[in-house]
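# Per-entry structural report
Now for the letters of each chain:
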Amino acid sequence: MHGDNAVRPFLIGSTWTTGEGQPFESINPATGQRNALIGSASKADVDRAVRTAKAAQASPEWRQMLPHKRAAILHRIADLIEAHAEELADAQMRQNGKLRHECVAQAAGGAAAYRYFASICETMPSEVAPSRGDHLAMVMYEPYGVVAAITPWNSPLTLESQKVAAALAAGNAVVLKPSEFTPTISLSVAALALEAGLPPGILNVVTGLGLETGSALVAHPDVRLISFTGGTATGKAIAREAAGRMAAVALELGGKSPHIVFADADLDKALQGVLHGVFSSSGQSCIAGTRLFVERGIYDDFVGRLADATKALRVGPPDEPASQVAPLSSFVHRDKVESMVGMAREDGATVLAGGCRPDDARLSNGAYFLPTILGNVANSARICQQEVFGPVLCVMPFDDEDDLVAQANDTLFGLAAGVWTRDFPKAWRVARAVEAGTVWINTYKTLSVSVPFGGFKESGTGREKGFHGIRTYQEAKTVMVGL
Ligand code: NDP
C-alpha cells in the first residue's frame with residue numbers, strides 16, 4: 001500500500017496518473033485505519049481513457065493479433081496473478097474485510113478466469129451456416145470495441161478477472177471502474193497485464209466514485225458495451241443511459257435467493273450448506289441463500305439446530321485463520337445492515353440468532369455484525385423482499401411443493417436457488433420450476449468458470465463465464481460470399 005499521503009495513481013494507456021478529481025480514502029473495515037489515498041478520474045480523465053482504449057483497440061497490433069498470441073498474453077497474466085496471489089489477497093482483505101483464505105481462493109479464481117478465456121480465445125471457431133443458394137454463409141464473432149467494466153466491492157479478484165479476461169479474449173479494449181471500496185486490485189492486475197505484454201491502452205483503469213467517474217464512463221459515446229456488476233437500482237440507471245445510444249449492456253445484479261430444505265434431505269449436510277450459503281463472505285454475496293424455506297414437519301428442530309450453529313460461528317479478524325465470519329466491507333454498509341434488521345424487528349420479526357454487533361472489545365474498531373437469523377417473517381415482508389447483502393437469514397416453513405415454488409418465485413430477483421432432498425425427481429421438478437439463473441441441488445454456492453452465470457428477472461441480463469461468457473463480449477456478423 002502507498003504511504004499515508006501519497007495518492008495512488010490509475011492507468012490510462014501506459015501512463016499512471018492521479019487524475020483531476022478529488023482523491024478519496026480506502027479504509028480497512030476490520031480496523032478503521034486508512035489503507036491509502038486513491039486518485040479520482042474526472043470526466044476529462046474518463047474521456048482520455050476511452051479515447052486511448054478506442055485507438056488501441058483499432059490498432060493492427062491488437063485487432064490483427066492472432067488468437068493464439070492473444071491467448072499467450074492472457075496465460076502470462078494468469079501466471080503473474082498466481083505469482084502475486086498472496087499480496088493481491090492481502091490487498092483485497094484490507095479493503096473489503098473478507099476472510100484471508102477466501103481472498104486467496106479468489107486470487108486463484110481470477111487466474112483461472114484468464115486461463116479459461118485464453119483457451120476459448122485460441123480454440124473458438126467461426127461458423128459456416130447451411131447454404132440456401134449458390135453462396136457461402138459464414139458467421140463471425142466481432143469485438144464491440146471499447147467495453148466499460150464497472151464492478152462492486154465484494155469480490156473484485158474474481159469478478160474483475162472474469163469480465164476483463166472474457167472481454168480481452170473477444171478482442172475488445174477495456175476501461176474498468178472498480179468500486180471505490182476496493183480500488184486497488186484492478187490497478188495491480190493492470191500493472192501485471194502490462195508486464196505480461198498486453199499492449200498499452202487495451203486495459204485502462206479509472207478509479208473514482210460511481211456518480212462521477214462511473215457515470216462519465218457509462219455516458220461516453222464511444223463505449224459500446226457496459227458490463228456492470230452491482231446493485232439492481234444502479235443497473236437500471238445504467239441500462240436507461242445506455243438505451244439512449246443503443247449501447248449494449250450485460251448486467252449482473254442483486255439477489256434474494258431461496259434455499260429449500262425438504263424433510264427427506266440429509267439434514268446434517270443441508271445445515272452446513274445453509275450456513276455456508278448465507279454466512280460465507282459475511283453474507284455479502286449476490287448468490288447468498290437469504291430466504292430459507294424448511295418443510296414444516298422438521299421446521300422447529302432444523303431451525304433450532306441452525307440457530308445454535310449460527311451462534312457458535314467464530315466472528316473475528318479476517319487475517320486470523322480461526323475466524324469464520326469477518327467484518328462487513330465498510331462502516332456505512334454495516335450501519336445499513338443494522339438498520340434493515342431494525343426494520344424487520346419493527347415489522348414483527350423474531351431474532352433467533354445475532355441481530356446486533358458483537359460484544360467483544362477486540363472487534364469494537366471494525367465494521368462487524370453478528371450472523372443473524374430472523375423468524376416469524378412472511379415472504380412478503382420487506383426483509384424478505386429487499387436485498388440486505390449482509391449476514392441475515394430469514395427462515396420460513398412451507399407445506400407442499402406448489403406452495404413452496406410459489407413463495408420461492410415471489411420476488412423481483414432470480415439469481416440463484418438451492419434445494420436439499422434425497423428425492424431426485426422432486427429436486428428436478430423444483431429446480432426446473434424455480435426462476436433462477438443457477439440452481440444447486442444438495443450443494444450450495446458451488447461455482448465454476450466453465451458454466452454460465454447470470455440472473456433471471458431483476459437479477460440482470462446477459463451471462464458471464466462459460467462459453468456464453470465470451471459471446472457476451474462479441475457481436476455476431478454474417479458474411480455471405482457469392483460462388
Ligand atoms: P453498486 O451498484 O452501488 O456499485 C457497483 C459499482 O457501480 C461500483 O463501482 C460503483 O461505484 C458504481 N456505480 C455506482 N453508481 C453508478 C452510476 N450511477 N453509474 C456508474 N457506476 C456507478 O453496488 P455495490 O458496490 O454496493 O455492490 C453490491 C451490489 O452488487 C449488490 O446488490 C449485489 O447483489 C451486487 N452484486 C451482484 C453480483 C452478480 O454477479 N449478480 C455479484 C456481486 C455483487 P462506487 O463504488 O464508487 O459507488
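Everything numeric in this text was worked out from a predicted model, so none of it was measured. (Residues numbered from 1 in each chain as written. Predicted model: local features only at pLDDT ≥ 70, side-chain atom pairs only at ≥ 80, totals over all residues. Heavy atoms only, no water.)

## Points about the sheet that holds strand 1 (residues 7-8)
Read across the sheet, 3 strands follow the order 1-5-4 without closing on themselves; strand pairing throughout is mixed. Where the open sheet ends on each side, the last strands, each with one partner, are strand 1 and strand 4 (24-27). Where strand 1 lies against strand 5 (residues 34-38), 2 bridges are found, and the strand directions are parallel. Its bridge partner being in strand 5, R8 is matched across the sheet by I38. (Pairing = 2+ DSSP bridges. Helix = DSSP H or I, 4+ residues; strand = E, 2+ residues; numbered from the N terminus.)

## Details of the domain arrangement of the protein
Once the domains are mapped, the protein shows domain 1 (7-253 + 458-482) and domain 2 (258-447). One C-alpha centre belongs to domain 1, the other to domain 2; they are set 31 Å apart. Each partner contributes residues to the interface: domain 1 has 23 residues there, and domain 2 has 28 residues. In total, domain 1 and domain 2 occlude about 1900 Å² of area from one another, counting both sides; carbon and sulfur atoms represent 59% of this. The tally of links from domain 1 across to domain 2 stands at 0 salt bridges. Between the two partners, domain 1 and domain 2, sit 8 residue pairs in polar contact (both at pLDDT 80 or more). (Domains from an automatic or database assignment. Contact = heavy atoms within 4.5 Å. Buried area = accessible area lost by both parts, 1.4 Å probe. Salt bridge = Lys/Arg side-chain N within 4 Å of Asp/Glu carboxyl O. Polar contact = N/O pair within 3.5 Å; in protein donor to acceptor, adjacent residues only side chain to side chain.)

## Quick look at the packing of helix 3 (residues 67-83) against helix 7 (residues 184-195)
The interhelical angle for the contact between helix 3 and helix 7, taken along N-to-C directions, is 130°, at an axis separation of 9 Å. Considered as vectors, helix 3 and helix 7 are oriented oblique to each other. Along this stretch, helix 3 crosses helix 7, giving a crossing that reads as right-handed. Of the residues in helix 7, those touching helix 3 at I77, L80 and I81 are V189, L192, A193 and E195. The class makeup of the residues in the contact of helix 3 with helix 7 is 6 nonpolar, no polar and 1 charged. (Axes fitted to C-alpha atoms, helices over the stretch in contact; angles between N-to-C directions. Parallel < 35°, antiparallel > 145°, perpendicular 65-115°, else oblique. Left-handed = near helix turned anticlockwise from the far one by under 90°. Nonpolar A, V, L, I, M, F, W, Y, C, P; charged D, E, K, R; others polar.)

## Considering helix 8 (residues 210-219)
Of all the positions in helix 8, only T213, G214, A216, L217 and V218 are classed as buried. Contacts made by the buried residues of helix 8 are with helix 1 (43-58), strand 8 (146-150), strand 9 (173-177), strand 11 (223-229) and helix 9 (232-243). (Buried < 20%, exposed > 50% of the residue type's maximum accessible area, 1.4 Å probe, protein only.)

## With respect to empty space enclosed by the protein
Tallied over the full model, the rule gives 5 cavities of 30 Å³ or more. Here the largest cavity defines a volume of roughly 90 Å³. Taken together, 14 residues line the largest cavity, and the ones lying closest to its centre are Y114, E160, S161, S186 and V189. Contributing elements (two or more residues each) for the lining of the largest cavity: helix 5 (100-123), helix 6 (156-169) and helix 7. Its residues assigned to classes, the lining of the largest cavity comprises 10 nonpolar, 3 polar and 1 charged. (1 Å grid on protein atoms, 1.4 Å probe; cavity = no way out; pocket = protein on both sides within 12 Å on 5 of 7 lines; lining within 4 Å. Points joined across faces, edges and corners; volume = space filled by probe spheres on them.)

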